[in-house]
Amino acid sequence: MPEQQEQFQKSVLQILEAVMFENWLRFYFITEKSDAPADANGEKPLLLSVPEKGMERIRELYPHLLPLAESMNGREVDFETSRRAVCTFVLEHLDGAAMPRDAAAGIFESATFQIQMQLFNTWVQMHENQLDQGFLEFGAWRRLFAQWRETPGARELAGRLSLAGRNATSAQTGATAQ
């Protein structure tokens, strides 16, 4: 594999890890902000609350992801704040450091990254009950997801997603050329 392609794949996995970590944080450390007023739908805001022991473990086991946990801990969380936290983390801690400068935007938009995101989201949905049975370290999430990605069903899904992406690109290219 050419060096540039290898760097791209490595960068995809680094950004995916940040997304997975943010999901893991929300999965295990989100609580309802009980003292806040409910919104129009009657729901109270959600708060990410990692206890000090949890932050110590993150500091010890995943120091490269600690800034993401620190940026979210103790804050209200919704889809937009989560998305922004991941993007900010990637731009401040990966882009230009763990990957070439200004590479992050292209990776976020790449079909390769989008497929990995879809696979991860599918994995979480399929295994939500298992993940919910008890606390799992982030490392366990990474291992379980990696193992699942190697299963025939996950490989088939990845192939279908890749093919769908290529077909969509071909259709767009064909429509643009006309």
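Conventions we followed
Residues numbered from 1 in each chain as written. Predicted model: local features only at pLDDT ≥ 70, side-chain atom pairs only at ≥ 80, totals over all residues. Heavy atoms only, no water. Buried < 20%, exposed > 50% of the residue type's maximum accessible area, 1.4 Å probe, protein only. Helix = DSSP H or I, 4+ residues; strand = E, 2+ residues; numbered from the N terminus. Arc of directions from axis to C-beta. Contact = heavy atoms within 4.5 Å. Pairing = 2+ DSSP bridges.

Draft legend 1. Summary view of helix α2 (residues 52–61). Within the sequence span of α2, burial applies to Gly 54, Met 55 and Ile 58. Considered in projection along α2, the buried side chains sweep an arc of 100 degrees and stay on one side of the axis. Exposed and facing more than 90 degrees away from the buried side of α2 are Lys 53 and Glu 60. Where α2 is buried, its residues meet α1 (3–29) and α3 (66–72).

Draft legend 2. Summary view of the sheet that holds strand β3 (residues 76–77). Ordered by their spatial adjacency, three strands build an open sheet running β1-β2-β3, and the pairing between neighbours is antiparallel. With one partner strand each, in any of the chains shown, β1 (30–32) and β3 form the two edges of the open sheet. Pairing of strand β2 (residues 46–48) with β3 involves two bridges; the strand directions are antiparallel. Looking across to β3, one finds that Leu 46 is bridged to Val 77.

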